[in-house]
Amino acid sequence: MEQLGTTLGATSLGGPTIPSGGMGLDHPVQPEELTGIELLAGLPWPALRELAGHARRCEFRPGEIVFREGDQGDSMHVVTRGQLSVVRPSRDPGLVLQRLFRGDVFGEVGVLNAAPRLASIVAIDQSETVEVRKEDLDRVLDADPKAMRQMLGTLAFSLTLAKEELARHNSKLESKVRERTADLRESQLELVRRLAHAAESRDDSTGIHITRMSRMCAQLALDAGMSEAEAQQILHASSMHDIGKIAIPDRVLLKEGPLGPEEWEIMKTHTTAGAQLLAGSRSPVVRMAEVIARTHHEKWDGTGYPEGLRGEEIPLVARMVAVCDVFDALVSDRPYKAAWLVDDALSEIEDLAGSHLDPDLAALFIAKRPDLRAAE
Ligand SMILES: [Fe+2]
């Protein structure tokens, strides 16, 4: 479908326009001109001759209206030259619903049921049609019930074909939309991953922590009974948990040795800074990431930051991230410590259950034993 304005110039279907009806041309319509029309193909020769004898040849200038939506259907047309458009200003203003070319028929439903026209027809180019009036068609069909049945059969058949075509078209469109949505989602997630790695690269040049931690979060979510889709969401959202470190100065983030009280306060702001960075998104993954960024350093006993939330006040996803974040920090080499053995790190998780960490999630994590090879 296209914009009406570009093809119809200054013509307006809403206001005063060139009068409809076209110009009758002198040379008579031959029955042979009607035989190629599928709808009339079943009519016997005398009937076609009679219809042709009463048919009128019409010519329309560009922009001229053949008939208007809502008009009484008193004739049908066959396009013999040029190009016309089908428009429905009441429901689809500004859109061309269909283009009609030589051999196309329009107005046929109106002559069969005498209902008001469903759409307006407007000439795009200098166009010519053959017009068959309802009263002539009625007379011919009344005299030949077999031809009437044949004509209705043809109409029903073309309607069925049109419905099938529409269904095929819709199905193709749906699969294209699904494909594009998946592409878009993949590019969004790639951006998210790149952004998360960029934030992390200042104090974790390998990016292993972020990858391994987010995969453990997704596994813990599955172990806790969440769906595959929820686990995928957690996988991506958890990778942004420390994105607020982007706002922490090097002298604090990269400092070797313990932080002083003022430096520690600055470090703690990576939670709120990350949440602000991610705030206001329509994406469910980014909204979840915002929650995680703000609350992943809250502790089960209420001694965490930034808000001192306690127990189940801390969002479930953030409690999961806390378990995996603490564990992964323990089993990672850091400038100030060597990596712990897995068993020692799991013992530490057990010790922190109920104080720092959600005791149920900590127990589940220990029971399932994280698969560190998932990051390789
Ligand atoms: Fe953090």
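Small disclaimer: the values here were computed from a predicted structure and weren't measured.

Cut-offs and rules
Residues numbered from 1 in each chain as written. Predicted model: local features only at pLDDT ≥ 70, side-chain atom pairs only at ≥ 80, totals over all residues. Heavy atoms only, no water. Helix = DSSP H or I, 4+ residues; strand = E, 2+ residues; numbered from the N terminus. Rg over C-alpha atoms; globule rule 2.2 N^0.38 Å. Buried < 20%, exposed > 50% of the residue type's maximum accessible area, 1.4 Å probe, protein only. Contact = heavy atoms within 4.5 Å. Donors = N, O, S within 2.8 Å, 3.2 Å for Na, K, Ca; no water. Tetrahedral: all angles 85-135°; square planar, octahedral: opposite > 155°, others 65-115°. Expected span 1.5 Å × (residues − 1). Domains from an automatic or database assignment. Polar contact = N/O pair within 3.5 Å; in protein donor to acceptor, adjacent residues only side chain to side chain. Salt bridge = Lys/Arg side-chain N within 4 Å of Asp/Glu carboxyl O. Core = buried A, V, L, I, M, F, W, Y, C linked by side-chain atoms within 4.5 Å. Patch = residues over 30% accessible without salt bridge, like charges linked within 9 Å, V, L, I, M, F, W, Y side chains within 5 Å. Areas by Shrake-Rupley, 256 points an atom, 1.4 Å probe, with all protein chains shown as cover.

1. Let's talk about the overall build of the protein
Scanning the protein for helices and strands turns up 15 helices and 10 strands. The C-alpha radius of gyration of the protein comes to 36 Å, more than 25% above the 21 Å expected for a compact globule of 376 residues. With respect to the three principal axes, the spread of C-alpha positions in the protein is 100 × 45 × 35 Å. Taken across its 376 residues, the protein has 40% of its residues classed as buried. Long-range contacts, defined here as pairs at least 24 residues apart, represent 69% of the contacts in the protein between residues at least 6 apart.

2. Remarks on the coordination of the iron ion
Coordination of the iron ion by the protein comes from Asp242 (OD), His270 (NE2), His296 (NE2) and His297 (NE2), over a distance range of 2.0 to 2.3 Å. Metal-centred angles of 84 to 173° between the four donor atoms at the iron ion mark the site as irregular. Positions of the donor residues of the iron ion, expressed as sequence spacing, correspond to D-x27-H-x25-H-H. Judged by relative accessible area, which is 2%, His296 ranks as buried.

3. Side note on helix H13 (residues 316-330)
Across its 15 residues, H13 extends 22 Å between first and last C-alpha, which sits within 8% of the 21 Å expected from 1.5 Å per residue. For H13, the tally of buried residues reaches 13 of 15 residues, placing the bulk of the element in the interior.

4. Re the domain arrangement of the protein
Here the protein is described as being made up of domain 1 (17-143) and domain 2 (183-375). Measuring from the centre of the C-alpha atoms in domain 1 to the corresponding centre in domain 2 gives 70 Å.

5. Description of the side chain of His77
Tracing the sequence through the fold places His77 in strand E5 (residues 75-81). By relative accessible area, which is 3% here, His77 ends up buried. A distance of 2.9 Å separates a polar atom in the side chain of His77 from a polar atom in the side chain of Thr129.

6. With respect to the pattern of salt bridges
Summed over all chains, the structure comprises 21 salt bridges. The partner of Arg212 in a salt bridge is Asp328, and the shortest N-O contact between them spans 2.5 Å. Here Arg212, found in helix H7 (residues 208-223), pairs with Asp328, found in helix H13; they are 116 residues apart in sequence, far enough to count as distant. The class for Arg212 is buried, based on a relative accessible area of 14%. Within the structure, one salt-bridge network assembled from shared partners comprises Glu33, Arg57, Glu59, Arg81 and Glu128.

7. Re helix H8 (residues 228-238)
Regarding H8, the residues found buried are Ala231, Gln233, Ile234, His236, Ala237 and Ser238. Those residues of H8 that are buried are in contact with helix H6 (145-200), H7, helix H12 (284-295) and H13.

8. Here's the deal with the nonpolar core
In this structure, Ile234, Met240, Phe327, Ile349, Leu357 and Phe365 are the most contacted members of the largest nonpolar core, which totals 42 residues. Those elements that place two or more of their residues in this core are H6, H7, H8, H12, H13, helix H14 (342-352) and helix H15 (359-368). A total of nine residues in this core trace back to one element, the largest contributor, which is H13. Counting residues in each nonpolar core, the second largest holds 22 residues, with Leu39, Leu43, Leu48 and Ala52 among its members.

9. Some details on unusual backbone geometry
Cis rather than trans, the peptide bond between Tyr305 and Pro306 has omega equal to 10°. With respect to the helices and strands, Pro306 occurs in the loop between H12 and H13.

10. Section: a nonpolar patch on the surface
Judged by side-chain polarity, Leu195, Ile246 and Leu277 come together as a nonpolar surface patch covering roughly 260 Å² of accessible area. Secondary-structure assignment places Leu277 in helix H11 (residues 270-278).

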